[in-house]
Amino acid sequence: MYARERQRRILDELSRSGRVTVTELAAQYEVTTETIRRDLDQLAERTLLVRVHGGAVPRRTAEVEPDLTSRRVKNVEAKRRIAHAAAALLPNDPQAAVLLDAGSTTAELLPHLSGRHGPVITNAPAIAQGALVHTDLAVHVLPGRVRPTTEAAVGSATVQALRPLHPEVAFLGCNGVGAEGFMTPDPEEAAVKTAMVRAAGRRVVLADSTKIGARHLVTFAALTDVDVLVTDAELPAQLRRHLIDSGTEVHLA
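Thresholds applied
Residues numbered from 1 in each chain as written. Predicted model: local features only at pLDDT ≥ 70, side-chain atom pairs only at ≥ 80, totals over all residues. Heavy atoms only, no water. Buried < 20%, exposed > 50% of the residue type's maximum accessible area, 1.4 Å probe, protein only. Helix = DSSP H or I, 4+ residues; strand = E, 2+ residues; numbered from the N terminus. Pairing = 2+ DSSP bridges. Contact = heavy atoms within 4.5 Å. Expected span 1.5 Å × (residues − 1). Axes fitted to C-alpha atoms, helices over the stretch in contact; angles between N-to-C directions. Parallel < 35°, antiparallel > 145°, perpendicular 65-115°, else oblique. Nonpolar A, V, L, I, M, F, W, Y, C, P; charged D, E, K, R; others polar. Left-handed = near helix turned anticlockwise from the far one by under 90°. Core = buried A, V, L, I, M, F, W, Y, C linked by side-chain atoms within 4.5 Å.

Caption draft 1: Focus on the pairing of strand β12 (residues 202-207). Here β12 lies mainly inside the structure; 5 of its 6 residues are buried. Strand direction decides the pairing type here: strand β9 (residues 169-172) and β12, joined by 4 bridges, are parallel. Paired with Phe171 across the bridge in β12 is Val204. Across 4 bridges, the pairing between β12 and strand β14 (residues 228-231) is parallel.

Caption draft 2: Spatial organisation of the side chain of Asn123. With respect to the helices and strands, Asn123 occurs in the loop between β5 (119-122) and α6 (125-131). If we skip the residues at most four places from it in the chain, Asn123 touches Leu100, Asp101, Ala102, Leu142, Glu151, Ala152, Ala153, Thr158, Val192 and Met196.

Caption draft 3: Molecular detail of helix α3 (residues 33-45). For α3, which comprises 13 residues, the first-to-last C-alpha distance of 18 Å matches the rise-based estimate of 18 Å (1.5 Å per residue) to within 8%. Residues of α3 that are buried make contact with α1 (3-17), β1 (20-21), α2 (22-29), β2 (50-52) and β3 (55-57). Once α3 ends, the next one or two residues include Thr47, with phi positive near 55 degrees.

Caption draft 4: View of the packing of α1 against α3. It is the contact of α1 with α3, at a shortest axis distance of 10 Å, that shows an interaxial angle of 75 degrees. One way to sum up the angle between α1 and α3 is to call them roughly perpendicular. On α3, the residues that touch Ala3, Arg6, Gln7, Ile10 and Leu11 of α1 are Thr35, Ile36, Asp39, Leu40, Gln42 and Leu43. Its residues assigned to classes, the contact of α1 with α3 shows 6 nonpolar, 3 polar and 2 charged.

Caption draft 5: Representation of the packing of α2 against α3 in the model. Closest axis-to-axis distance for the α2/α3 pair is 9 Å, and the angle between their directions is 110 degrees. In terms of axis orientation, α2 runs roughly perpendicular to α3. Between α2 and α3 lies a crossing of right-handed hand. Contact residues: Val22, Leu25, Ala26 and Tyr29 in α2; Thr33, Ile36, Arg37 and Leu40 in α3. A breakdown of the residues in the contact of α2 with α3 according to their chemical character gives 6 nonpolar, 1 polar and 1 charged.

Caption draft 6: Local environment of the nonpolar core. Membership of the largest hydrophobic core comes to 45 residues, with the highest contact counts inside it found for Ile36, Leu40, Val177, Phe182, Phe220 and Leu229. If one sorts the elements of this core by residue count, helix α8 (residues 187-199) sits on top with 5 residues. Contact partners of Leu40, with chain neighbours within four places excluded, come to Ile10, Val20, Val22, Leu25, Leu49, Arg51, Gly55 and Ala56. Ranked by size, the runner-up nonpolar core spans 25 residues in total, among them Leu89, Val120, Ile127 and Val169.

Caption draft 7: Spatial organisation of the sheet that holds β12. Spatially, the 7 strands line up as an open sheet ordered β6-β5-β4-β9-β12-β14-β15, and their pairing is parallel. The open sheet is flanked by β6 (138-141) and β15 (249-252), the only strands paired with a single partner. Recorded for the sheet is a direction-independent mean angle of 20 degrees between the axes of neighbouring strands. Here helix α5 (residues 76-87) sits on the sheet in contact with β9, β12 and β14, set at roughly 145 degrees to β14. The sheet strands contacting α8 are β4 (98-100), β9 and β12, and the helix crosses β9 at an angle near 150 degrees.

The values reported here are purely geometric and, on their own, carry no functional implication.
Below, the structure written as structure tokens:
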């Protein structure tokens, strides 16, 4: 068995059991413990799991949620590739309304919106500010309390403002993707994302490799609620099957 296939199976096992050990994996795949340690180290370097003594566990909500400033400088090239791939999903009608969730990856879509004349709606003041360099864009900022960690407007006012809106497409960020769905650590932010999913005609989630397999406190959308996942990561086989069964397209950037 090739290392890449063994690593996919290790991720599948980790998703099912919540923990794997070096000795059990070595016996299961009939390889040395050093080979398994190498596999786990490589998966940890790709941020697909967390190494612990004697084995590995999934990425957890216990990790500190990074603020937007730190996320802006992380995986920048991957996020730009994801945004470039996602831009192909913009409506053909330049007058169509586009909803942009807060986030460092969704912000990379801004250069691809030049030339559009329909409303660009966002809960991120920073994205609205960035959109102003494109003078032809009609930018609408949702109300609410701005959460310092993500610089996203959240709260009941934000959710209420989304209810009468029907944008043709929403581009959303997330902190984790798994069989449970699309996840984020903060309940208020999750409520806004859920409202975006309900409002939009088409729902597209942008997630770089650090989000694949990461688990967080709140699921804001089931896999069946999202039309397209755009990512730069090879997905674990079990997660790919779940997405296929849910009817969610996967676009690799």
